[in-house]
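Structural features, examined
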Amino acid sequence: MAFAGLGKRLREIFGSREIDGKFYEELEDALIEADVGVRYASETIEALRETARKEGIRTREELRGALTEVLGKNLISAELTIVPDALNVILVLGVNGVGKTTTIAKLARHFRANRGVERILLVAGDTFRAAAIDQLKILGQRLDMPVVAQDPGADPGAVIFDGISSAVARGIPLVIADTAGRLHTRDALVKELAKIDKIVMSRTGGAGYRKILVVDATTGQNSLAQAEVFHKAVGIDSIVLTKMDSTAKGGMVVPICRELGVPISFLADGETLDDLHVFDPVLYLKSLVGES
Ligand SMILES: Nc1nc2c(ncn2[C@@H]2O[C@H](COP(=O)(O)OP(=O)(O)O)[C@@H](O)[C@H]2O)c(=O)[nH]1
Ligand SMILES: [Mg+2]
C-alpha cells in the first residue's frame with residue numbers, strides 16, 4: 001500500500017527520546033493534524049497518559065506501542081465477503097466525488113480475481129448525471145461485465161430493481177449498484193436512499209445485501225458528519241476508505257468507526273483498478289503512528 005506520508009509528523013515526535021512536558025501537547029497536535037478530530041485526539045491523549053502512568057512507561061518508543069493500542073481499540077475491520085448460494089447485492093453509497101463509481105469497478109475486479117466470483121452485474125443507480133452512467137458503462141466494458149442502466153433522470157430505485165431482476169434471470173450471484181451521492185436537498189437524498197433500501201431488501205430478503213459507504217480520506221473531519229447522515233438513512237454495513245495516496249492524513253476513520261460502530265473493509269490508494277486492498281488495521285495503525 002502506498003500512503004502519502006501518513007504519520008510523518010508522529011514519526012518525528014517519536015524520534016527524540018525523552019517524554020517531557022511538551023511531548024503530549026505535540027502529540028495531540030499531530031493527531032489533530034492527521035484528522036482524528038479534536039475531541040478524539042484529546043481523549044486519546046488522556047487514555048495514553050493513563051496507560052503510561054499505570055504501566056510505568058518511560059520511553060517514547062513504548063508510548064508509541066501504547067498509542068497504537070489506544071487507537072486500535074476503536075478501529076474495527078471486517079472483510080466484505082460474498083454469501084454463497086444467495087443473491088448478493090452491494091449498494092455503494094457516499095457523497096459526490098468520493099470515488100464510488102471507481103470503487104465499484106475495483107470491487108468487481110477484486111471479487112472476480114481474488115474471490116472467484118466469475119459473474120458480476122453492475123447497476124448504474126446514479127441517474128443524476130449522464131456522465132456517471134457512461135463512466136460505469138465504460139468500466140463494465142473494460143471488465144467485461146454487464147451493466148444495467150437507464151437514461152439520466154430515471155428513478156434509481158427502478159434501475160436497481162431492474163438490475164436485480166436481470167441478475168436473477170441470468171443466475172448472476174453478485175450485483176454491485178451505484179447511487180447518486182447528491183440530490184437537490186439532503187432530505188431528498190435520505191428519502192431516495194430509504195426507498196432504494198426498501199426495494200433491495202424486498203427483492204433479496206436481506207441475506208446477501210450489504211451497504212457500503214465510500215469515505216474520501218482527503219475530506220477530513222467533515223466525513224464523520226457525512227457518514228452519520230448515510231448511517232441514519234439506511235444503516236451502513238461497511239466502510240471503504242479511498243484516496244489514501246492523496247493525503248498525509250486519513251485518521252478520521254478512527255472516530256467514524258467508533259461513532260458508527262461500523263467496520264472498514266477496504267482501502268484504496270490510487271486510480272487504477274488494482275489500487276484496492278483488504279483493510280489491514282495493523283498496517284494502517286503503524287502508518288498512522290509513523291512506524292512504517
Ligand atoms: N488518487 C486517487 N483518486 C481516486 C481514488 N478513488 C477514486 N479516485 C478519483 O476520484 C475521482 C472521483 O471518482 P468517482 O468514482 O467518479 O467518484 P463518485 O462521484 O463518488 O462516483 C476520479 O477522478 C477518480 O479517479 C483513489 O483511491 N486515489
Ligand atoms: Mg459516480
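A few points on the structure.

Thresholds, definitions, all that
Residues numbered from 1 in each chain as written. Chains lettered and ligands numbered in written order. Predicted model: local features only at pLDDT ≥ 70, side-chain atom pairs only at ≥ 80, totals over all residues. Heavy atoms only, no water. 1 Å grid on protein atoms, 1.4 Å probe; cavity = no way out; pocket = protein on both sides within 12 Å on 5 of 7 lines; lining within 4 Å. Points joined across faces, edges and corners; volume = space filled by probe spheres on them. Helix = DSSP H or I, 4+ residues; strand = E, 2+ residues; numbered from the N terminus. Pairing = 2+ DSSP bridges. Polar contact = N/O pair within 3.5 Å; in protein donor to acceptor, adjacent residues only side chain to side chain. Contact = heavy atoms within 4.5 Å. Axes fitted to C-alpha atoms, helices over the stretch in contact; angles between N-to-C directions. Parallel < 35°, antiparallel > 145°, perpendicular 65-115°, else oblique. Left-handed = near helix turned anticlockwise from the far one by under 90°. Nonpolar A, V, L, I, M, F, W, Y, C, P; charged D, E, K, R; others polar. Salt bridge = Lys/Arg side-chain N within 4 Å of Asp/Glu carboxyl O.

Counted under the stated rule, the structure contains 1 cavity of 30 Å³ or more. Put simply, the largest cavity is a space of about 30 Å³. As for the largest cavity, its lining consists of Gly-94, Val-95, Val-98, Leu-213, Val-214, Val-215, Ser-223, Gln-226, Ala-227 and Phe-230. Where the lining of the largest cavity is concerned, the elements lending two or more residues are β5 (209-216) and α9 (222-234). At 4 residues, the largest contribution of residues to the lining of the largest cavity is made by α9.

Bringing the sheet that holds strand β4 (residues 174-177) into the picture now. The sheet built from 8 strands is open, its strands ordered β3-β2-β4-β1-β5-β6-β7-β8 with mixed pairing. At either margin of the open sheet sits one strand with a lone partner, and together these are β3 (147-148) and β8 (276-278). Looking at chain direction, strand β1 (residues 88-93) and β4 are connected through 4 bridges and run parallel. Bridged to Ile-90 within β4 is Ile-176.

What follows concerns unusual backbone geometry. Phi at Asp-85 takes a positive value of approximately 55°, unusual for a residue other than glycine. Mapped onto the elements of the fold, Asp-85 is located in the loop between α4 (60-72) and β1. Here the phi dihedral of Lys-243 falls at roughly 60°; this positive angle occurs in a residue that is not glycine. Residue position: Lys-243 is located in the loop between β6 (238-242) and α10 (253-260).

Turning next to the side chain of Ser-265. Along the chain, the position of Ser-265 falls in strand β7 (residues 264-268). A polar contact of 2.7 Å, which involves the side chain of Ser-265, links it to the side chain of Ser-238. Discounting chain neighbours no more than four positions away, the residues touching Ser-265 are Ala-78, Leu-80, Ser-238, Ile-239, Val-240, His-277, Val-278 and Phe-279.

This brings us to the packing of helix α7 (residues 156-170) against helix α8 (residues 186-204). When two helices pack together, their arrangement is given by the angle between their axes and by how far apart the axes lie. Packing of α7 against α8 leaves a shortest axis separation of 9 Å and a crossing angle of 20°. Judged by the angle between their axes, α7 and α8 are roughly parallel. Two packed elements cross with a definite hand, and for α7 against α8 that hand is right-handed. Where α7 approaches α8, its residues Pro-156, Gly-157, Ile-160, Phe-161, Ile-164 and Ser-165 are matched on the opposing element by Glu-192, Ile-196, Ile-199, Val-200 and Arg-203. Classifying every residue of the contact of α7 with α8 gives 7 nonpolar, 2 polar and 2 charged.

Moving on to the pattern of salt bridges. Tallied over the full model, the rule gives 12 salt bridges. In this structure, Glu-79 and Arg-115 form a salt bridge, with 2.5 Å as the shortest nitrogen-oxygen distance. Taken together, the residues span a long stretch of sequence, with Glu-79 in the loop between α4 and β1 and Arg-115 in helix α5 (residues 100-115) at a distance of 36 residues. A single salt-bridge network, built from bridges that share partners, covers Arg-39, Glu-43, Arg-258 and Glu-259.

By themselves, these are just geometric observations and shouldn't be taken as functional.
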